[in-house]
Amino acid sequence: MRKVLKFGGSSMASAAQYAKVKSIVEADPARTVVVVSAAGKRTPEDHKVTDLLYLCHAHMRYGVSCDSVFSMISARYLEIRDDLGLSTDLESELARIRDGLEDDISEDALASRGEYLSARLMADYLGFDFVDATEWLRFRMDGTVDQEFSYAALQRLAEGRKIVIPGFYGLGADGNIRTFSRGGSDITGALAAAALDAEIYENWTDVSGILMADPRIVENPEPIPRVTYAELRELSYLGAQVLHEDTIFPVAEKNIPLNIRNTNDPTHPGTIIMERFDDDPDTDRRFITGIAGKKDFAVVSISKKGLSSEVGTMRKVFEVFETHGLAVEYTPNGIDTVCLVVSAKQLQKRSAAIVAGLQEALKPDRIEIADGIAIVAAVGRKMARRPGIAGQIFSALGDEGINIRLISQGPQEVNIIVGVDSRDFNAAVRVLYNSFVR
Ligand code: ASP
């Protein structure tokens, strides 16, 4: 069985990183399909090649010379090639891209060249075959991936070979190069893994897995060893960011395990993401998988005597929000009070129209808007059907003097969400982490 590996920008940033990639790939003969990103930052002050390519395109659009930006891009790849002692003919590739710039190359086509050049170099370095993404990854007219075509094409191309594929792009229905949104090489890797029914999709990055909490808030949070796709959706929706959010669908569909690994610490097992795990409650007593959250929510509360017994209330409320294009995140209700948690920023521009719409639709006694609300979620599959966990969460917050403004729990019991004042946000995340993880 094959293993599909994807290496992100930091793993492709310099010759030294290429050397780490090579030893990872060569450590396991099943690692035969490698998907790569464009060269990323070597230091925090450095530039990502993809950003430079977009910058080049912007110069071109406004008729400003992009010579200096283009030479930075060329220099990055030529340096990697020379440091690795390879003889890949990058000069002709770079000249072709340069000609494209004179010739109105599309933004997507130009942005894709970072991955293309990385893959050409990595294929030579590993001694693998280069398979261009345009040869197999096809988009439909509506911009979605034509999985049937793409999977069959890659199966044919990969048969009996060891290959390197550029991430991030494919061929659009109009025959031109089309990219995913930023960070999309993760999706290419997931599609390749699904196409080839891989044993595992290893996503190599510069952190040892998904962390249990935001390291800007909690000092040295531990990585999550195992997380389900459903838990990951909850965590990433509320801000935990490691993967492009569309990555999981192709691998989840085929229940292929996704393993996030660290190129700079290859012996660390990282995080495994799967549809389900056979957890042993006796040996694994930690019931919270991760803690995530976001600030800047607002709560719209609508009160009216007898509201709960009126038929159609929620439909009317949602209709008003829908008419004004505002997504409702949570609806923690009371008797005769309906509350809607929405993005404060999005509400700002539309609040007068929404209040007027609600007045007309419901004739309520009172409408109140409270902003400055933060949402903090404790996520964990092992919380399900375990009594007492919500109680522990509330008392941990209460003991630290953090007032809970609202509470919500989904029926799958995979998360418990609390709303607190935005100024208590960091403290709430730390309290939950320290109470349940440390
Ligand atoms: N290079 C692209 C970006 O920076 C895609 C990727 O790295 O996943 O967004």
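Here's what I pulled together on the structure shown here. Just so we're clear, the structure is a prediction, and the values are computed from it rather than from any experiment.

Definitions and cut-offs
Residues numbered from 1 in each chain as written. Predicted model: local features only at pLDDT ≥ 70, side-chain atom pairs only at ≥ 80, totals over all residues. Heavy atoms only, no water. Phe/Tyr/Trp six-rings, centres within 6.5 Å; stacked < 30°, edge-to-face > 60°. Helix = DSSP H or I, 4+ residues; strand = E, 2+ residues; numbered from the N terminus. Buried < 20%, exposed > 50% of the residue type's maximum accessible area, 1.4 Å probe, protein only. Lys NZ or Arg CZ within 6 Å of the ring centre and 35° of its normal. Pairing = 2+ DSSP bridges. Core = buried A, V, L, I, M, F, W, Y, C linked by side-chain atoms within 4.5 Å. Contact = heavy atoms within 4.5 Å. Near = heavy atom within 4 Å. Polar contact = N/O pair within 3.5 Å; in protein donor to acceptor, adjacent residues only side chain to side chain. Areas by Shrake-Rupley, 256 points an atom, 1.4 Å probe, with all protein chains shown as cover. Nonpolar A, V, L, I, M, F, W, Y, C, P; charged D, E, K, R; others polar. Salt bridge = Lys/Arg side-chain N within 4 Å of Asp/Glu carboxyl O. Expected span 1.5 Å × (residues − 1). Arc of directions from axis to C-beta. Axes fitted to C-alpha atoms, helices over the stretch in contact; angles between N-to-C directions. Parallel < 35°, antiparallel > 145°, perpendicular 65-115°, else oblique. Left-handed = near helix turned anticlockwise from the far one by under 90°.

This brings us to the packing of aromatic side chains. If you walk through the whole model with that rule in mind, you get five aromatic pairs. For the pair Y18 and Y125, a centre-to-centre distance of 6.3 Å together with 55 degrees between the ring planes defines the contact as tilted. Separated by 107 residues along the polypeptide, Y18 in helix α1 (residues 15-26) and Y125 in helix α6 (residues 113-126) bring together distant segments of the chain. For Y125, a relative accessible area of 15% corresponds to the buried category. Taken together, a centroid distance of 5.8 Å and an interplanar angle of 65 degrees make the contact between F287 and F436 edge-to-face. You can see F287 sitting in the loop between β10 (271-274) and β11 (290-303) and its partner F436 sitting in helix α14 (residues 425-436), a full 149 residues away along the chain. Just above the ring of F139 sits the side chain of R178; from NZ or CZ to the centre is 5.4 Å.

A separate point is the pairing of strand β13 (residues 366-379). As judged from the eleven bridges shared by β11 and β13, these two strands associate in the antiparallel manner. Across the sheet, residue V299 finds its bridge partner in β13, namely A370. Bridge analysis of β13 against strand β15 (residues 415-421) gives seven bridges, and the strand direction is antiparallel. By the bridge assignment, A378 is partnered in β15 with I416.

Glancing now at the nonpolar core. Within soluble globular proteins, side chains that are nonpolar generally end up buried alongside one another. One finds W136 and I165 to be the most contacted residues of the largest nonpolar core, which totals 127 residues. When residues in this core are grouped by element, the largest group, eight residues, is from α6. The contact partners of I165, leaving out residues within four places of it in the chain, are V33, V34, V35, V36, A119, V131, A133, W136, L154, T188 and A192. In terms of nonpolar packing, the next biggest core, distinct from the first, is built from 16 residues, L307, L326, L340 and V342 among them.

Close to the ligand lie S37, T50, E115, F168, R182, G183, G184 and S185, which account for all nearby residues. Here S37 contributes a side-chain N or O atom positioned 3.0 Å from an oxygen atom of the ligand. Between the ligand and G183, the relevant distance is 2.8 Å, taken from an oxygen atom to a main-chain nitrogen or oxygen of the residue. Starting from 260 Å² of accessible surface for the ligand in isolation, the protein chains cover 91%. Across the shell around the ligand, the residue classes break down as one nonpolar, five polar and two charged.

Counted under the stated rule, the structure contains 22 salt bridges. One salt bridge connects D28 with K3, and the closest N-O pair in it is separated by 2.6 Å. Here D28 is found in the loop between α1 and β2 (31-36), whereas its partner K3 is found in strand β1 (residues 3-7), with 25 residues between them in sequence. A salt bridge links D197 to K254; the nearest nitrogen and oxygen atoms lie 3.0 Å apart. Linking D197 in the loop between α8 (185-195) and β7 (200-205) with K254 in the loop between α10 (248-253) and β9 (258-262), this pair joins segments that are 57 residues apart in sequence.

Here the focus is the environment of V69. With respect to the helices and strands, the residue V69 is situated in helix α3 (residues 67-84). Taking relative accessible area as the criterion, V69 reaches 6% and is therefore assigned buried. Between the alpha carbons of V69 and L52 there is a distance of 6.5 Å; along the sequence they are 17 residues apart.

What follows covers α3. Taking 1.5 Å per residue as the helical rise, α3 with its 18 residues ought to reach 26 Å, and the 26 Å between its terminal C-alpha atoms agrees with that figure. Every buried residue belonging to α3 is among V69, F70, I73, S74, R76, Y77, I80, R81 and L84, and all of these are buried. Taken down its axis, α3 places every buried residue within 145 degrees of arc, on the same side. Away from the buried face of α3 by more than 90 degrees, exposed residues S68 and D83 are located. Buried residues belonging to α3 abut α1, α2 (49-61), α4 (90-102) and α6. Residue G85 follows α3 closely and has a positive phi angle near 70 degrees.

Once that is clear, we can look at the packing of helix α13 (residues 389-399) against α14. Look at α13 against α14: their axes get within 9 Å of each other, and the N-to-C directions meet at 125 degrees. One element, α13, and the other, α14, form an angle in the oblique class. The hand of the α13/α14 crossing is right-handed. Facing Q392, I393, A396 and L397 of α13, the residues of α14 in contact are A428, V431, L432, S435 and F436. In terms of residue class, the contact of α13 with α14 is built from seven nonpolar, two polar and no charged.

Read from one edge to the other, the open sheet built from eight strands follows the order β3-β4-β2-β1-β7-β9-β10-β8, with strand pairing classed as mixed. The sheet is open, and its two edges are formed by β3 (129-130) and β8 (226-228), each paired on a single side. Relative to β9, β7 runs parallel, the two sharing five bridges. Counted as the bridge partner of N203 is I260 from β9. Its contacts with the sheet place α1 against β1, β2 and β7, and it is angled at close to 170 degrees to β1. α8 contacts β1, β2, β4 (163-166) and β7 of the sheet and is inclined by roughly 160 degrees relative to β7.

A few words on unusual backbone geometry. Backbone geometry places D197, a non-glycine residue, at a positive phi of 45 degrees. Positive phi is not limited to glycine here, since K363 has a value of about 45 degrees. Considering the arrangement of structural elements, one finds K363 in the loop between α12 (344-362) and β13. A residue is classified by how much of its surface remains accessible, and K363, at 56% relative accessible area, is exposed.

Geometry only, nothing functional implied.
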